[in-house]
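Remarks on the overall topology
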Amino acid sequence: MANKEVKELLDAGVHFGHLTRKWNPNMAPYIYMERNGIHIINLYKTAAKLEEANEALKKIASSGRKVLFVATKKQAKDIVSEHAKNANMPYITERWPGGMLTNFVTIRKAVKKMASIDRMKQDGTFDTLSKKERLQVSRLREKLEKNLGSISDMSRLPGALFIVDTTREHIAVKEAQKLNIPIFAMVDTNSDPREIDYAIPSNDDASKSIEKIIGSVSGAIIEGLQERKAGKSEDGGDEEKKAPKKSARKKVTAAEVPSKDSEDKKAMKEAKKPVKLESKKETLEKATNEEE
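Heads up: these notes are all about the structure in this document. Values in this document were obtained by computation on a predicted structure and should not be read as measured data.

Side note on unusual backbone geometry
Not every positive phi belongs to a glycine, and Asn36 is a case in point at roughly 50°. Locating Asn36 in the fold gives a position in the loop between strand E2 (31-35) and strand E3 (38-41). Positive phi, close to 60°, is recorded for Asn180, a residue that is not glycine. Assignment of secondary structure puts Asn180 in the loop between helix H6 (170-178) and strand E7 (183-187).

This is the structure in structure tokens:
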């Protein structure tokens, strides 16, 4: 994780934040500078936070828990659904159903309703209904499929949430907080990182930026699933087969990381330091003192 990774993030436009007048002051530790009225995100911070999030998501996936992806904005829908399907994870790309987490039992009932309609079609019960009833049932099935079809395999609460644009998905954030579900998210300069357990400072509006971050995250999840599968299928031969993978990973790291630039190394070391964010109370007190 060094020069090459930061360059890829730069090429994807991950560093572009919002207009300076729309910023959230709590994002200050992640902002590098201001240019032409727009905040520029510190990509070394992004790289460090992305690495941290990937490690945590990999562990969650290897433990057998699901990661629920949430992205209802237009430019993120297709990207998130594609990567979530590849990682075999549930996702919400339409409207966030209120009580999706806090009232999960009711949501499961709606999912079971889809299954019961499918059984009606298979056993011939559907054909015995009147034309009007068949139309109503078909419309209900389409509506349920559109909103909840992507979570039909999620039989229990997810192990974590990954959110694109926490300001837009504030209801999902609140529900996850209430149930103590870890939140991973792309956090732009207009969002509050204090609400997120694993905040990845990044541009959450551009499709290239979203593709880059979601691709990296889903790759970590797939890796975690593969480790789980290998651990289940093999016992004694596990270590022998994992050994070459480790060596291969070292080679890739050696090819990507060997930056001789002392400033680059210093920036990465600095980026990995934990960021202390002020509480809402401290922020208000500070603002009051400045006014006085």
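Now, onward.
Topic: the packing of aromatic side chains
For the structure on display, the rule yields 2 aromatic pairs. With 4.4 Å between their ring centres and 5° between their planes, Phe184 and Tyr198 make a pair best called stacked. With Phe184 in strand E7 and Tyr198 in strand E8 (residues 198-201), this pair connects stretches of sequence that are 14 residues apart. Stacked on the ring of Phe126, the Lys or Arg Lys121 has its end atom at 5.3 Å from the ring centre.

Notes on the packing of helix H4 (residues 104-123) against helix H5 (residues 131-148)
Two elements in contact, H4 and H5, have axes separated by 10 Å at closest approach and are oriented at 130°. By the angle class used here, H4 and H5 are oblique. Relative to H5, the crossing made by H4 is left-handed. Residues Ile107, Ala110, Val111, Lys113, Met114, Ile117 and Asp118 of H4 touch H5, and the partners they reach there are Val137, Leu140, Arg141, Leu144, Glu145 and Leu148.

Things to note about the sheet that holds E7
Pairing within the open sheet is parallel, and its 5 strands lie in the order E5-E4-E6-E7-E8. Edge strands, defined here as strands with exactly one partner in the open sheet, are strand E5 (91-92) and E8. Alignment of strand E6 (residues 160-164) against E7, held across 4 bridges, turns out to be parallel. Counterpart to Ile163 in the pairing with E7 is Ala185. Contacts from helix H2 (residues 43-62) reach strand E4 (67-70), E6, E7 and E8, with the element oriented near 145° to E8. H6 contacts E6 and E7 of the sheet and is inclined by roughly 160° relative to E6.

Focus on the pattern of salt bridges
Side-chain pairing between opposite charges can occur once the charged atoms of the two side chains come close. Enumeration over the complete set of coordinates arrives at 14 salt bridges. With a closest N to O distance of 2.9 Å, Asp118 and Arg141 form a salt bridge. Of this pair, Asp118 sits in helix H4 while Arg141 sits in helix H5, and the two are 23 residues apart along the sequence. The network of salt bridges with common partners includes Lys73, Asp165, Asp204 and Asp205.

Comments concerning the pairing of E7
In terms of burial, E7 is largely enclosed, as 5 of its 5 residues are buried. Examined bridge by bridge, E7 and E8 share 4 bridges and lie parallel to one another. The residue bridging Met186 from the neighbouring strand is Ile200, located in E8.

Quick notes on the pairing of E4
Burial of the side chains of E4 extends over both faces: Val67 and Phe69 are buried on one face and Leu68 and Val70 on the other. Where E4 and E6 come together, 4 bridges link them in parallel fashion. Following the sheet pairing, Val70 is matched in E6 by Ile163. Here E4 pairs with E5 via 2 bridges, running parallel. Across the sheet, the residue bridging to Phe69 is Tyr91, located in E5. Between the parallel elements E4 and E5, the chain passes through helix H3 (residues 74-86) in a crossover that is right-handed.

Definitions and limits used
- Residues numbered from 1 in each chain as written.
- Predicted model: local features only at pLDDT ≥ 70, side-chain atom pairs only at ≥ 80, totals over all residues.
- Heavy atoms only, no water.
- Helix = DSSP H or I, 4+ residues; strand = E, 2+ residues; numbered from the N terminus.
- Phe/Tyr/Trp six-rings, centres within 6.5 Å; stacked < 30°, edge-to-face > 60°.
- Lys NZ or Arg CZ within 6 Å of the ring centre and 35° of its normal.
- Axes fitted to C-alpha atoms, helices over the stretch in contact; angles between N-to-C directions.
- Parallel < 35°, antiparallel > 145°, perpendicular 65-115°, else oblique.
- Left-handed = near helix turned anticlockwise from the far one by under 90°.
- Contact = heavy atoms within 4.5 Å.
- Pairing = 2+ DSSP bridges.
- Salt bridge = Lys/Arg side-chain N within 4 Å of Asp/Glu carboxyl O.
- Buried < 20%, exposed > 50% of the residue type's maximum accessible area, 1.4 Å probe, protein only.
- Right-handed = clockwise from strand over helix to strand, strands pointing away.

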